[in-house]
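Here are the chains, one letter per residue:
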Amino acid sequence: MSRFYIPLKKGLKKTAPDFSKIKTISGASCCYCLFYMNEYEGQLIFSNLKSINGHDTFRSAFARSENITSVSFPELEVVKGTNAAVGAFSGCPKLTTASFSKLYNVGNKGSYAAMNVFFSSCTSLQSIYFSAFTSEYASWNVNNLDRMLSGVTGCTVHFPSNLQSVIGSHSYVTAGFGGTNTTVLFDLPATT
Amino acid sequence: MQIRITYVGTLNGVSGIWCGFKPEGAIIKEERPVLYPDSGYELEHIETKERFSAVWLKGYDVEENYIEVPYEEPTQVEEITD
């Protein structure tokens, strides 16, 4: 599917806006490509964002951001809605780490492709932390991570230690989320 | 398309899965052959027509059951210029 966008003017702003006031992103396509090809530098922290909810709502939101180096969602718990965050950070060449400290529900056992190709073509990506996946939701969550690492080489994805028996035989995990030489480690503190 | 091996085991006491390479020093418990399409393609089962980003070949499922078909990432957008 193709979608039109108007690129931001080059050289205008390199400091990211304050995202700390955002608690919820919802509504169909509300942030679709909103920060596509921006020039923000360094780390992005969505310090109070708790949910992303809606069809296409965060789709490609920060795709092709050339200078973002890390992204953190310390409070995000839920991403739901078909294609809700497809490719949200795809094509960010300097992105090295991403962490989801409280995210436990991706797709809400009903959505499709909520975080597919989320980090595709992030060629420097080294580590992703899904610290709060639980045994109840983990399989469905992984269903929504198809090709998450397409075009990425050598990334390590970290999960809680108790989830190997739950998702260790999932086809997307076995295929390294579409990446090359992906490592999946079950080395984080156990959840429920 | 090509088949790469995924290794399941432990390294330094940590359970892990290594896709396409075997880490030095790991204790490997299982090896899984995975069929991958070439870049820009996905796999289509010749009978069911179901499509996959990769396929873990198990049992009687073999490489010959699949063909490659073009794949367009859902994030591709078209630029409007001045």
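Residues numbered from 1 in each chain as written. Chains lettered and ligands numbered in written order. Predicted model: local features only at pLDDT ≥ 70, side-chain atom pairs only at ≥ 80, totals over all residues. Heavy atoms only, no water.

J.: Looking at this model, I keep getting lost on the side chain of A:T174. Mind explaining?
T.: Along the chain, A:T174 turns up in helix α3 (residues 171-174). Beyond its immediate stretch of four places on either side in the chain, A:T174 contacts A:G168, A:S169, B:T6, B:C19, B:R32, B:V34, B:Y36 and B:W56. (Helix = DSSP H or I, 4+ residues; strand = E, 2+ residues; numbered from the N terminus. Contact = heavy atoms within 4.5 Å.)

J.: Mind showing me how you'd approach the packing of aromatic side chains here?
T.: Aromatic ring pairs are reported here in terms of the distance separating the ring centres and the angle at which the planes meet. Scanning the model with the defined rule gives 25 aromatic pairs over all chains in all. Plain terms: the ring middles of A:F35 and A:Y40 are 5.8 Å apart, the flat faces sit at 55 degrees to each other, and that makes the pair tilted. Like A:F35, the residue A:Y40 is buried in the burial classification. Ring centres 6.3 Å apart and planes at 40 degrees place the aromatic pair A:F159 and A:F177 in the tilted group. Note that A:F159 is positioned in strand β10 (residues 156-160) and A:F177 in the loop between α3 and β11 (183-188), a separation of 18 residues in sequence. In this structure, A:F159 and A:F177 share a single accessibility class: buried. Lying across the ring of B:W56, B:K58 places its NZ or CZ 4.1 Å from the centre. (Phe/Tyr/Trp six-rings, centres within 6.5 Å; stacked < 30°, edge-to-face > 60°. Buried < 20%, exposed > 50% of the residue type's maximum accessible area, 1.4 Å probe, protein only. Lys NZ or Arg CZ within 6 Å of the ring centre and 35° of its normal.)

J.: For this particular structure, what's the right way to read the pairing of strand β3 (residues 27-36) of chain B?
T.: Side chains on a regular strand alternate between the two faces of the sheet. All names here are of chain B. Strand direction decides the pairing type here: strand β1 (residues 2-11) and β3, joined by 9 bridges, are antiparallel. Each residue of the ladder has a partner; that of G9, found in β3, is I28. Looking at chain direction, β3 and strand β6 (residues 55-56) are connected through 2 bridges and run antiparallel. Paired with L35 across the strands is V55, a residue of β6. (Pairing = 2+ DSSP bridges.)

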